[in-house]
Amino acid sequence: MTDKPLVIKKIGNANEKIQPDLQIKPEFSDLNNFVRDYRQNAWLEYQALPLPGEKDEDWRRTSIRDIDFPAYKLEIPSQTPGIPDSLIEPMADQMHSGQVLVTPSESRTILAEELLESGVVFSDLTSVAKNYPEILMKVLQKTGKSSGKKFYALAQSLPLHGVFLYVPKNVG
């Protein structure tokens, strides 16, 4: 009689809790229609995709079972402090070429005149969408392809308070 190998398959753990998803609802009130549509589409993709599991190659060594997703909240701009004036002053002896300070309620941008004249854009995302929509649209069209990855789609749907840097070709 030939012994057959015993194959055991793990099909799940009855004690393993199913993780609820984020309990947030972002607002899509962007001034720029392209940015609003981009963010809304990314949010819909995020909602449609399942949470990654240990069978997904990118996540096979990472467990997200213990993350308390409902505890994450979006900042309400009116409840966040502004930017302290002490952060505006340069930390070195000379003025720096540029800085962008961002909180959910305010942003401040300082950029050297020669950089502005050369076409460099260095600012917060809200200001870029308002003042340089064609540049932002060009960049988002290159980077905004659907990836089929849940957290990538989330990152695409929520950028409100980030920093944007664009350096035209041939600017050194």
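Shown above is the structure to which this text applies.
What counts and how
Numbering of residues starts from 1 in every chain and runs along the sequence as written. Where local features are concerned, this predicted model is filtered to residues with pLDDT of at least 70; where side-chain atom pairs are given and counted, the filter is 80 or more; whole-chain, interface and lining totals use all residues. Calculation of side-chain values draws on the structure's entire complement of heavy atoms; hydrogens and water are dropped beforehand. A run of DSSP states H or I qualifies as a helix once it reaches four residues; a run of E qualifies as a strand once it reaches two. Both are numbered from the N-terminal end. Accessibility here uses a 1.4 Å probe with only protein chains present; expressed as a share of the type maximum, an area under 20% marks a residue as buried, one over 50% as exposed, and anything in between as partly exposed. Contacts are residue-level and defined by heavy atoms, with any inter-residue pair within 4.5 Å sufficient. For every accessible area listed, the method is Shrake-Rupley and the probe measures 1.4 Å; residues are considered covered only by the protein chains on display. When we speak of the arc, we mean the arc of directions from the helix axis to the C-beta atoms. In summary, the pairing rule links any two rings of Phe, Tyr or Trp, Trp by its six-membered ring, whose centres are within 6.5 Å, and it sorts them by plane angle into stacked for under 30 degrees, edge-to-face for over 60 and tilted for everything else. Put simply, a charge is over a ring when the Lys NZ or the Arg CZ is close to the ring centre, within 6 Å, and near the line of the ring normal, within 35 degrees.

A. Summary view of the overall build of the protein. The helix and strand tally for the protein stands at five helices and four strands. Starting at the N terminus and walking to the C terminus, you meet the elements of the protein as α-β-β-α-β-α-α-α-β. Here the protein holds 172 residues, and 26% of them are scored as buried. Relative to all contacts within the protein whose residues are 6 or more apart in sequence, the contacts with residues 24 or more apart total 63%. Counting every atom, the protein has about 12800 Å² of accessible surface; 54% of that belongs to carbon and sulfur.

B. Quick peek at the environment of Val 120. Following the sequence through the fold, Val 120 ends up in the loop between helix H2 (113-117) and strand E3 (121-124). Sequence spacing of Val 120 and Tyr 166 is 46 residues, and the spatial spacing of their C-alpha atoms is 5.7 Å.

C. Structural context of helix H5 (residues 150-157). For H5, the full list of buried residues reads Lys 150, Ala 153, Leu 154, Gln 156 and Ser 157. Seen end-on, H5 carries its buried residues on one side only, within an arc spanning 160 degrees. Among the structural elements, helix H1 (33-48) and helix H4 (133-143) are those in contact with the buried residues of H5.

D. Examining the packing of aromatic side chains more closely. Scanning the entire structure with this criterion turns up three aromatic pairs. Measuring from ring centre to ring centre gives 5.2 Å for Trp 43 and Tyr 46, while their planes differ by 25 degrees; the resulting arrangement is stacked. Separated by three residues within a single helix, Trp 43 and Tyr 46 lie in helix H1, roughly one turn from each other. A relative accessible area of 1% places Tyr 46 in the buried class. Here the aromatic rings of Phe 69 and Phe 151 are separated by 6.2 Å at their centres, their planes lie at 15 degrees, and the arrangement is stacked. With a gap of 82 residues between them, Phe 69 in the loop between H1 and strand E1 (98-103) and Phe 151 in helix H5 connect regions that are remote in the sequence. Phe 151 sits in the partly exposed class, given a relative accessible area of 25%. Members of the aromatic cluster, each reached through a chain of ring pairs, are Trp 59, Phe 69 and Phe 151. A cation over an aromatic ring shows up here: Lys 150 above the ring of Tyr 46, its NZ or CZ 4.0 Å from the ring centre.

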